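Residue-level listing of the chains:
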Amino acid sequence: MASLLKNVSNSILHAFNALQQEKPGFVNKSKLKVLTANIAVILDLYGVERGLDQYRSTSTLNFDHFKYYLMKEVFLSVPEDMTLAQQRNFETRIEEVCWLVCRKDFCSEEGVKVYTADMVFKLFRIFCMLADQIEAQDSSLFCAIAGAEALHIVQQLLSSLGLDYETDNRFEYLSNTDTVLTFSNFLQLIDFQECTDIKDCREPLKEAVEDMYQTYIMDVIKKGYLLKRGYLLPTLREYWFVLQPCELSYYKHSNEKELCGTIHLDSKSSVRPCISNNGKHEKVQKFVVSFRDRVFELAAMDHRSRMQWISALQLAITYSTGKDGFQRDIASRRKIQRDIENKRKKEEERLKSSHIKQVEETKEQLEKERHARLAAETQARQLEALAREDSRRVAELEDMKMTLEKLLEEESQAKRDEEIVRALQARVLAEEWEKREELEQLQEDQKTILEQERQKRIEFEVLQKEKEQQLKDAERRLKQLEEERERLDEELRYARQKIQHSEETKELMEARLQAISPRHDGDRVRRVQSFMSSTRERPVTIESRLPTLKRPSKVQ
């Protein structure tokens, strides 16, 4: 819950600063685990401190990192619908834990002797409620109370001791808007030198501190005796009433030890005056407090007290739904008012400084103008002397003027002649440029023609190489064909020899057949003759298959 962490943030910061040792603004995680565990136990959480080991990679944490861890891991589990009384209970227990950590810094033997440890703790809680967190030069945080808030507490304590604040000039510096006090400085401030007899001063101081504690911390809006009509016995009985934003409690006596009952207040409650039938003859002034289905009839001793109680009850009903409480809201309003006043004073100081700066600038400007006037008068006298000197020189210059005019006329004639020569030179130069451009054009044309000739020569060389390659291929093919023809000629001669040999063999066989010529072998003889006739035709077939070889013509 953000409001709970916000309300106890200053107390946790005091405990955090009490744990730091070496580097200001940083505390070891092992020490913070103990503080975290104690706060978590109050909120009924266990084991959340072990998460500090995995939270960030450093062994130490500053207060912002530690506060962020508390918000995410501890206070986030607090329910949002918690009542103001429950929240006040948690605040008390958490601040007690923080006080146990940092009390050694404020309750030492050399410290204040007028206040007891319990009184210092109550002052500590009041201080934490009214203080703000301020960043030091070494980037560490500390709690400090504004001088105006400290002055308000000093006034209450001095009034409880019967001392006159108006005649005491020791506290005038607290009205300065830039004055802030730490808790140690605050304790030294309220350690009044007038309390020479500690025993006589301690009791009224204890009562004053207790009243302030109930006002600021317990959020007591009003106390006093009232008459209440009983539920069973309809008679008015006197009780001691204590009004807080959420409840109206009543006790038998003002020592508030025997609680008789509590009237709860919320946004649906209401309070209104009760007009009696007796009118002016009524001795008490009655009013009614309605809470849901119940109605409580109360009475004050006079009309003024009744109006005060009605106004206080309406204020308590208004703040019953809030989470900050009545005194915290008033303190925040005072802080806003102080901030507005500081801004206003700073703006006034800025305007005042700017006005002073303008006045100084005006004085400087006037002084500069005075010096400038004196310098102008001195310069005027110097110019007057120079004018007389110039009048003397004018006569000399007149004579020089006549001489210079003659020389100027001669120079003008020389310039005219020079212009004529320059015109002729310009014409010659223009013709020269034209000739040069024509020569450059001819050079460009010649380069183009040479480039074309070079391209043609390259093409002719490529074509000649292709023709030579074709000639070489043709000669190689011709040589192959000649070798093929010689091989075929050799095969032809071999075939002819075989044919001749076969003819000889045939004639020999025919002779043998004629010599034998049996009748029964006529068919065989005919077959042999047909075979021979067929073999007689083979040479002609082989020769007909031979290709005709021609020698290729020479490539041009």
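Whatever comes next refers back to the structure up there.
Residues numbered from 1 in each chain as written. Predicted model: local features only at pLDDT ≥ 70, side-chain atom pairs only at ≥ 80, totals over all residues. Heavy atoms only, no water.

(A) Up close: the sheet that holds strand E5 (residues 180-181). Ordered by their spatial adjacency, three strands build an open sheet running E3-E4-E5, and the pairing between neighbours is antiparallel. For this open sheet the edge positions go to strand E3 (132-135) and E5, each flanked by a neighbour on one side alone. For E3 and strand E4 (residues 141-146), the ladder comprises four bridges, and the chain directions are antiparallel. Following the sheet pairing, Glu 135 is matched in E4 by Leu 141. Lying over the sheet, helix H5 (residues 117-130) contacts E3, E4 and E5, oriented at roughly 95° with respect to E4. (Pairing = 2+ DSSP bridges. Helix = DSSP H or I, 4+ residues; strand = E, 2+ residues; numbered from the N terminus. Contact = heavy atoms within 4.5 Å. Axes fitted to C-alpha atoms, helices over the stretch in contact; angles between N-to-C directions.)

(B) Structural view of the sheet that holds strand E12 (residues 294-300). Across the sheet, seven strands lie side by side as E9-E8-E7-E6-E12-E11-E10; this open sheet has antiparallel pairing. The open sheet has two edge strands, strand E9 (259-264) and strand E10 (270-273), and neither has a second partner. Here the strands of the sheet are splayed against their neighbours by 35° on average, with no regard to which way each runs. The pairing of strand E6 (residues 222-229) with strand E7 (residues 236-243) spans eight bridges and is antiparallel. Residue pairing in the sheet places Lys 228 in a bridge with Arg 237 of E7. Each of E6, E7, strand E8 (247-251), E10, strand E11 (285-291) and E12 is contacted by helix H9 (residues 303-318), which is oriented at about 15° to E11, the strand it contacts most.

(C) Examining a nonpolar patch on the surface more closely. Residues Leu 397, Met 400, Leu 404 and Leu 407 make up a contiguous nonpolar surface patch of roughly 400 Å² in combined accessible area. In this fold, Leu 407 is placed in helix H10 (residues 326-516). (Patch = residues over 30% accessible without salt bridge, like charges linked within 9 Å, V, L, I, M, F, W, Y side chains within 5 Å. Areas by Shrake-Rupley, 256 points an atom, 1.4 Å probe, with all protein chains shown as cover. Salt bridge = Lys/Arg side-chain N within 4 Å of Asp/Glu carboxyl O.)

(D) Inspection of H9 at higher detail. Taking 1.5 Å of rise per residue, the 16 residues of H9 would be expected to cover 22 Å, and the 23 Å separating its terminal C-alpha atoms lies within 8% of that figure. When H9 is considered as a whole, its buried residues turn out to be Arg 306, Trp 309, Ile 310, Ala 312, Leu 313, Ala 316 and Ile 317. The inward-facing, buried residues of H9 contact E6, E7, E8, E10, E11 and E12. (Expected span 1.5 Å × (residues − 1). Buried < 20%, exposed > 50% of the residue type's maximum accessible area, 1.4 Å probe, protein only.)

(E) Region of interest: the side chain of Ser 9. Within the secondary structure, Ser 9 sits in helix H1 (residues 2-19). Residue classification places Ser 9 among the buried residues on the basis of a relative accessible area of 3%. Side chain to side chain, Ser 9 and Gln 133 meet in a polar contact 2.7 Å long. Setting aside its immediate chain neighbours within four residues, Ser 9 contacts Phe 63, Lys 67 and Gln 133. (Polar contact = N/O pair within 3.5 Å; in protein donor to acceptor, adjacent residues only side chain to side chain.)

(F) The arrangement of the nonpolar core in detail. Residues Ile 12, Phe 75, Tyr 115, Leu 157, Phe 183, Ile 190 and Phe 192 are the most contacted members of the largest nonpolar core, which totals 77 residues. No other element matches the 10 residues that H5 contributes to this core. When near neighbours in sequence (up to four residues on either side) are disregarded, Ile 190 contacts Tyr 115, Leu 123, Val 154 and Leu 157. Counting residues in hydrophobic clusters, the runner-up holds 24 residues, among them Leu 226, Phe 296, Ala 312 and Ala 316. (Core = buried A, V, L, I, M, F, W, Y, C linked by side-chain atoms within 4.5 Å.)

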